[in-house]
Amino acid sequence: MTRPVHSDSSSMLTSPDESPYFGDEKWWVENYDFILLSGYQLRPRYNSKWVPSWTIQRNDKQEYEDGIASYISTPALDAIRLNDGAKVVLKRMPTEGQELKIALLLSSPGLRSDPRNRTIPITEVIPVVGSSWTLLVMPYCRRFDDPPFHCRAEFIEAMQQYLEGLQFMHDHNISHFDIACQNLMMDETRVVPAGSHFVRPRTHSGFLRFFRWKNRCAVGPIDHYYIDFGLSMHFPGGQDTASTVGTLRTFPTIPELSQTTPYNPFKVDIYQLGLVMQRIIESYPALQDFRQVAATMMHQDPCNRPVPAASLAQLNNIAAQMSPRILKSAMRKKNGLVDCLTRSLFGGYFPSTPFTV
Ligand SMILES: [Zn+2]
C-alpha cells in the first residue's frame, strides 16, 4: 500500500483560464452559504456571489486579495468566526474516516485536560449536511519554523513541546505517522501581531509588503501543536503489537518502510521528528550541540530509537549546560545574513520567498 501524501497537487486545473478556481477551491465555493450559516465566513474569493475585483476596476489581478488562489489541493481553509471575529481554520474530512475519529479522541475532554497534549484543539465539529464530509474548526496557526528562530531557547521550547506531545500521543497508542514541518504549527498571535495570510504566510495580508514579527522568546511561551491526522493510526491494543505496511513518498530515508514487511509506526514517528530536528539543526550553526538528539532518534535500527521522553531528557540535559546568556543570544540561519540585517535595522524583512514557507 502506498499511502497518500497531503501536498498532492494532482487536482490542479491545467489551465487557470477555464475557471477562476483551482482544484478543491470549488468545493468551498459550493459550501460557502452553508459555512456562513454555520457561523464562519470564508474569504471573498469563496463567496458564491463573488465577482472578481479586477473585473470591476480593470486593474491587475495581482493587486487584489481575492486574486490569491490556493493552487494545491485544499482540504483546509481559513475563515473568520462571526461571533467573535477570530481567525480560524476549517478542515474538511470524511465523516466516516479514521482522521475524524482520531482528531476527536485527541480533543476529547479527558485527553485535552492533559497539558502534554500538543495536538491542535478542535473548537467545533460541523457535519456538512447532505454530504459525507465533516468540517473541524481549529485555531489559526502558522508553521513553527518560520519566521526564523532568534535563539537556542526558542528552538528548545519548540522541541520540548513536540517531544512531550509525541510521548502523549504514544501513551494513548496513537501514531501520527506524518510528522513534518508543514504539520507542526505554532500560535502566531503574539509572534506576528499583524497576522498572516493563509496562502502566503510570509505576508500580513497577501501582498508583498514589509513583514514584521516579534521574537518568540520575547513574547512566549508559545503554544506548539501537531496537526493533520490524515495518516494517523490508533492501536487500542498497545504499541508492542502495532504494525503497518506501506511507503511514504515524502520520507525516502526511513529505512524500515516497506510495501510488504510490517513495521512499527511508533518508531517511524520518532524518526520523523528526529528528521525535523536534524533539518533545523543543519540550518543554524549555533544548534550543533543538539545534533546527537536528532541522530539518536533517527537510528537505522528502529529498536534503538529512544522513546520521546528519553529524547526530551537528553535535550534538557544539553540545554541545562548552557548559560542563560547563551540560550537567549541571537543565532543566525545559514545564508540568512541579508534577512538578519534587514530585521535588525527595520524590524522585519521583504520576504525572499513570499508565497509559501
Ligand atoms: Zn530569543
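Per chain, residue numbering runs from 1 following the sequence as it is written. Per-residue local features of the predicted model are confined to residues with pLDDT of at least 70, and side-chain atom pairs are confined, for both listing and counting, to 80 or more; whole-chain, interface and lining totals are unaffected and use all residues. Calculated side-chain values reflect all of the structure's heavy atoms, with hydrogen atoms and water omitted.

## Quick look at the overall build of the protein
Now for step 1: Within the protein one finds 12 helices and 14 strands.
Now for step 2: Our radius of gyration looks at C-alpha atoms and nothing else; its globule reference is 2.2 Å times the residue count to the power 0.38. Relative to the globule expectation of 21 Å for 357 residues, the C-alpha radius of gyration of the protein, 21 Å, shows essentially globular dimensions.
Now for step 3: Projecting the C-alpha coordinates of the protein onto the three principal axes gives extents of approximately 60 × 55 × 40 Å.
Now for step 4: Per-residue burial for the protein yields a buried fraction of 51% across its 357 residues.
Now for step 5: We call two residues in contact when some of their heavy atoms are within 4.5 Å. Long-range pairs, those at least 24 residues apart, make up 69% of the contacts in the protein between residues at least 6 apart in sequence.
Now for step 6: Approximately 16,500 Å² of the protein is accessible, and the part contributed by carbon and sulfur atoms is 56%.
Now for step 7: Charge convention: Lys and Arg are scored as positive, Asp and Glu as negative, and His as well as the terminal groups of each chain are ignored. Charge placement uses NZ in Lys and CZ in Arg. For Asp and Glu, CG and CD serve respectively. Here the protein contributes 36 positively and 35 negatively charged side chains, and the mean placements of these two sets differ by 6 Å. Each helix corresponds to a stretch of at least 4 residues labelled H or I by DSSP, and each strand to a stretch of at least 2 residues labelled E; elements are numbered beginning at the N terminus. For every residue, the accessible area (1.4 Å probe, protein chains only) is compared with the maximum for its type, and the residue is labelled buried under 20%, exposed over 50%, or partly exposed between those bounds. Using the Shrake-Rupley algorithm and a 1.4 Å probe, accessible areas are obtained, with residue cover drawn only from the displayed protein chains.

## Some points on the domain arrangement of the protein
Now for step 1: For the protein, the assigned domains read domain 1 (28–43 + 71–140) and domain 2 (143–349).
Now for step 2: Where each domain starts and ends comes from a domain assignment, either automatic or drawn from a database. For domain 1 and domain 2, the distance between their C-alpha centres works out to 23 Å.
Now for step 3: Contacts between the two partners involve 23 residues from domain 1, matched on the other side by 25 residues from domain 2.
Now for step 4: Defined here as a combined quantity, buried area equals the accessible surface (1.4 Å probe) lost by two parts on assembly, summed across both. Interface of domain 1 and domain 2: buried area, both sides summed, is about 2,200 Å²; carbon and sulfur atoms make up 65% of it.
Now for step 5: Looking only at domain 1, the three residues that lose the most surface to domain 2 are Arg-116, Arg-118 and Tyr-140, adding up to 36% of its buried area.

## Regarding helix α10 (residues 308–320)
Now for step 1: Expected span of a helix: the number of residues minus one, times 1.5 Å. Its 13 residues place the ends of α10 18 Å apart at the C-alpha level, agreeing with the 18 Å of an ideal helix rising 1.5 Å per residue.
Now for step 2: All of the buried residues along α10 are Pro-308, Ser-311, Leu-312, Leu-315, Ile-318 and Ala-319. Across the axial projection of α10, the buried residues extend over an arc of 125°, all falling on one side.
Now for step 3: Looking at the buried residues of α10, the elements they touch are α6 (152–171), α8 (265–283), α9 (291–297) and α11 (324–328). By construction, the arc corresponds to the directions joining the helix axis to the C-beta atoms.

## Some thoughts on the sheet that holds strand β6 (residues 142–143)
Now for step 1: In this analysis, strands are considered paired if DSSP registers two or more bridges between them. Read from one edge of the open sheet, three strands run β6-β8-β10, paired in antiparallel fashion. The outermost strands of the open sheet, each flanked by one partner alone, are β6 and β10 (224–226).
Now for step 2: Pairing geometry for β6 and strand β8 (residues 184–186), over two bridges, is antiparallel. From the neighbouring strand, Arg-142 faces β8, where its bridge partner is Met-186.
Now for step 3: Interaxial angles span 0 to 180 degrees and are taken between N-to-C directions of axes, which are lines fitted to C-alpha atoms, for helices over the stretch in contact. Along the sheet, α6 makes contact with β8 and β10, crossing β10 at roughly 35°.

## Focus on the packing of α6 against α8
Helices that pack against each other are described as a pair by the angle of their axes relative to one another and the distance between those axes.
Now for step 1: Two elements in contact, α6 and α8, have axes separated by 11 Å at closest approach and are oriented at 175°. Accordingly, the angle class assigned to the pair α6 and α8 is roughly antiparallel. Across from Phe-155, Met-159, Tyr-162, Leu-163, Leu-166 and His-170 in α6, the residues of α8 making contact are Phe-266, Asp-269, Ile-270, Leu-273, Val-276, Met-277, Ile-280 and Ile-281.
Now for step 2: Classification used: nonpolar for Ala, Val, Leu, Ile, Met, Phe, Trp, Tyr, Cys and Pro, charged for Asp, Glu, Lys and Arg, polar for all others including Gly. In the contact of α6 with α8, the residues fall into 12 nonpolar, one polar and one charged. Working definition: roughly parallel below 35 degrees, roughly antiparallel above 145 degrees, roughly perpendicular at 65 to 115 degrees, and oblique for all remaining angles.

## Some thoughts on the side chain of Arg-305
Now for step 1: Topologically, Arg-305 is positioned in the loop between α9 and α10.
Now for step 2: Distance and chemistry together define a polar contact, namely a pair of N or O atoms within 3.5 Å, with one atom able to donate a hydrogen and the other to accept it when in protein, and with adjacent residues in sequence counting only for side-chain atoms on both sides. A polar contact is formed between the side chain of Arg-305 and the side chain of Glu-256, at a distance of 2.7 Å.
Now for step 3: Contact partners of Arg-305, with chain neighbours within four places excluded, come to Pro-255, Glu-256, Lys-267, Val-268, Ile-270, Tyr-271, Thr-296, Met-297, Met-298, His-299 and Gln-300.

## Details of the side chain of Gln-272
Now for step 1: The residue Gln-272 is located in helix α8 in this model.
Now for step 2: In this view, Gln-272 contacts Phe-177, Asp-178, Ile-179, Leu-248, Phe-251 and Ile-254; residues no more than four positions away in its chain are not counted.

## Observations concerning the sheet that holds strand β2 (residues 76–81)
Now for step 1: With respect to topology, five strands assemble into an open sheet ordered β1-β2-β3-β5-β4, the strand pairing being antiparallel. The open sheet has two edge strands with one neighbour each: β1 (40–41) and β4 (124–127).
Now for step 2: Pairing between β1 and β2: two bridges, direction antiparallel. In the strand pairing of β2, Tyr-40 is matched with Arg-81.

## Looking at the nonpolar core
Now for step 1: Residues Phe-144, Phe-155 and Leu-273 are the most contacted members of the largest nonpolar core, which totals 61 residues.
Now for step 2: Tallying contributions element by element places α6 first for this core, with nine residues.
Now for step 3: Beyond its immediate stretch of four places on either side in the chain, Phe-144 contacts Phe-149, Ala-158, Met-159, Tyr-162, Cys-181, Leu-184, Met-185, Met-186, Arg-216, His-224, Val-276 and Ile-280.
Now for step 4: Residues enter a nonpolar core if they are buried and are Ala, Val, Leu, Ile, Met, Phe, Trp, Tyr or Cys, with the set joined through side-chain atoms within 4.5 Å. Counting 20 residues, the second-largest nonpolar core is a separate cluster that includes Trp-28, Tyr-40, Leu-90 and Val-137.

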